[in-house]
Structures are given as C-alpha cells and as structure tokens.
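Here are the chains, one letter per residue:
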Amino acid sequence: MSTVFRQVLDQITRVRGVRGAMLVAGEDGLIVAESLMEGVRGNAVAALAASLQKRFRQAMEVAAGGMSHFLHLQGEGGTLIIVPAPDGILVVTVGTPDMNVGLVRLEMLRAAELIS
Amino acid sequence: MTETRAVEAWTLEPLERFVEEAGARLTLLMTPAGQVLAQHGFTRAVDVMSAAALRAAIVASTGEIARMLDQQEFATLNHQGVQHGIFLGAFETPRGGLLALVVYGPDSSVGLVQLFFEELAQGLIAAAPTEEQPKAVLAANFEEELNRSLASLFGR
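Being a predicted model, the structure only gives us computed values, none of them experimental. (Residues numbered from 1 in each chain as written. Chains lettered and ligands numbered in written order. Predicted model: local features only at pLDDT ≥ 70, side-chain atom pairs only at ≥ 80, totals over all residues.)

Undergrad: I'm lost on the environment of B:Thr4 in this one. Help?
TA: Mapped onto the elements, B:Thr4 comes out in strand 1 (residues 4-6). Spatially, the C-alpha atom of B:Thr4 lies 7.4 Å from that of B:Ala38, the residues being 34 residues apart in sequence. (Helix = DSSP H or I, 4+ residues; strand = E, 2+ residues; numbered from the N terminus.)

Undergrad: Would you mind showing me how to read the pairing of strand 4 (residues 76-80) of chain B here?
TA: Residues and elements named next belong to chain B. Where strand 4 and strand 5 (residues 85-93) come together, five bridges link them in antiparallel fashion. Each bridged residue has a counterpart across the sheet, and for His79 the counterpart in strand 5 is Ile86. Counted between consecutive antiparallel strands, the loop separating strand 4 from strand 5 contains four residues. (Pairing = 2+ DSSP bridges.)

Undergrad: What's the story with the sheet that holds strand 2 (residues 30-36) of chain A in this structure? I'm lost.
TA: Pairing between sheet strands relies on hydrogen bonds along the backbone, with the strands arranged either parallel or antiparallel. Residue and element names in this part refer to chain A. One open sheet accounts for five strands, arranged 2-1-5-4-3; its pairing is antiparallel. With one partner strand each, in any of the chains shown, strand 2 and strand 3 (71-74) form the two edges of the open sheet. Neighbour-to-neighbour, the strand axes of the sheet open up by a mean angle of 15°, direction not taken into account. Judged from the six bridges that link them, strand 4 (residues 79-84) and strand 5 (residues 89-95) form a sheet pairing that is antiparallel. Across the sheet, the residue bridging to Ile81 is Thr93, located in strand 5. Strand contacts of helix 2 (residues 42-62): strand 1 (18-25), strand 2, strand 3, strand 4 and strand 5, with the helix running at about 120° to strand 5, the strand carrying the most contacts. (Axes fitted to C-alpha atoms, helices over the stretch in contact; angles between N-to-C directions. Contact = placed C-beta atoms within 7 Å.)

Undergrad: It is not clear to me how the sheet that holds strand 4 of chain B should be interpreted in this structure. Could you clarify?
TA: All names here are of chain B. Pairing within the open sheet is antiparallel, and its six strands lie in the order 1-3-2-6-5-4. If you trace the sheet from one side to the other, it starts and ends with strand 1 and strand 4, each paired once. With strand direction ignored, the average angle separating the axes of adjacent strands in the sheet is 10°. Looking at chain direction, strand 2 (residues 24-30) and strand 3 (residues 36-40) are connected through four bridges and run antiparallel. Bridge pairing links Thr27 to His40 in strand 3. Its contacts with the sheet put helix 2 (residues 45-68) on strand 2, strand 3, strand 4, strand 5 and strand 6 (96-104), and the angle it makes with strand 2 is roughly 75°. Sheet strands in contact with helix 3 (residues 110-127) are strand 2, strand 4, strand 5 and strand 6, and its direction is about 25° off that of strand 5.

Undergrad: Sorry if this is basic, but what is going on with helix 3 (residues 101-115) of chain A here?
TA: Each turn of an α-helix holds 3.6 residues, which means side chains three or four residues apart point in the same direction. Residues and elements named next belong to chain A. The terminal C-alpha atoms of helix 3 lie 21 Å apart, and with 15 residues this matches the ideal 21 Å at 1.5 Å per residue to within 8%. Of all the positions in helix 3, only Val104, Glu107, Met108, Ala111, Ala112 and Ile115 are classed as buried. All buried residues of helix 3 project into a common sector of 140° when viewed along the axis, lining one side. Next to the buried residues of helix 3 lie helix 1 (3-13), strand 1, strand 4 and strand 5. (Expected span 1.5 Å × (residues − 1). Buried ≥ 20, exposed ≤ 12 C-beta atoms within 10 Å, placed from the backbone. Arc of directions from axis to C-beta.)

In structure tokens form, the structure reads like this:
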C-alpha cells in the first residue's frame, strides 16, 4: 500500500468507533487500499458501496443536484459513510452507530483531497 | 423480461439469484467440456454456441499465458470494456467443475459480479445432487442430447 493511502486511512481509523476505512475504485467496486477490523467483509462493502454511490449519483444528476459530496447511512447496528474523491476513488468508512460522524467526515474529506 | 433457463433444474435457483443480485445481462453456466447447463439473457441458440466457443478460446489463450508464467490456470478473468465487461470464473462442485461466463453492463461492476459469483458458486455446490452422476454425452446420442438441451434453454 502506498504511504499516502496508508496515512489517510490511518487518520480515519484513529477516530473512535471506526471499524474500518477503504479506498474503493468507484466504477469497479474493487478495493484499492484498506484498513479494516476483523469481521468486516471488505470486498462486499466495497462492491455494494460503489453500487450505492453510482445510484445516488444518478439520482442527484436527475434531480439537478450536482455531484454528491457525502453519503451517510445510519443503521441500527452500524454506520456507513461514502465520500467520492474527484478522480473516481471513493473513501468508504464503516463504524459503530455512535461513531463521531463529524470528525470522520472531516478526515474523509481531507483524505479525498489528499489522494486526488 | 429475459428469462433464466436451465437444462439441469438444480442450477436454476442459484443462477436466478445471481443474475438479480449482480445485475448480469448475460450469463452462461457450463461444464469445462462446453456443455451448457443454464443460461440467462440469450435469445438464440447460435449466440449461446458462439459465446461458449469464444469462452473456450479465451480460456485456452489465458491458460497458455499461465503456462508461460509457470503457474496454475487463472481462476477468474475479467475483461473491462467501455460499456460492458466480461467475467469468467471457474469452480468445483460435487458434479464436477463448472464455468460461468457473465456479461455485465454499466449498472453493475466487476466488484459486484465477483462478490455474487462467490455466492453463486456456494449456492451451486450446496444444490448439486451428489448421488446422481452427470450423464456422458456419447457420440451415439449427441445430437439428441444437444437438441434436448437447446429446447430446455430456449423453451422450444
């Protein structure tokens, strides 16, 4: 894994409640780099997150909302956050329901900026 | 709506689920010998035959590359186009080896196909009947078997 990728993932996973962070190829749904806790199915999250982001992007285009910057899904058992970087890479984070979303968002936006 | 059809009924449910989840446009499930067990999305027998033949050519070429690299044959292959991608995967079941050829469009991705391909393999391994051995297609009844398979695959 490249140093930059490792650094940005470390910054995200340092936040309390984060169970894993990944950089995903948005079009392919494949993992580019990852830092995940045991038990997180990285390839499944990557593929489904990329598919979800694609659908939301289409919805935003139809609604003339422009490019989406942040996608936050809150479930009973966990949280999924997706931040698209300008070059087609997605920054994806999974965490506990009580994860500090504000701080994670900040780190993810910073990561998207750094890798693009 | 395009139908999923199978020569061997046990392949139908896992394949239907795979097509729906992975968003596959075309899928062929066959044996390494080229016998088609199930298909989704094909409307003409000639297309199935062409796809099966092209699949054999791809596997032969990449098998040769693997041999040159001094390694085992590739378990999965993906060819990404602008609009469509082709995914080829192989796995073992109690009924012998099976191969899948999947064509997916821009509404899917190689990640999704790969993910649900694993589930397809698990589903087929679980569904494969173990007591009944696969029938050998003998030269004597080859044409009859072929016609029966095509009738099953295209509902004629």
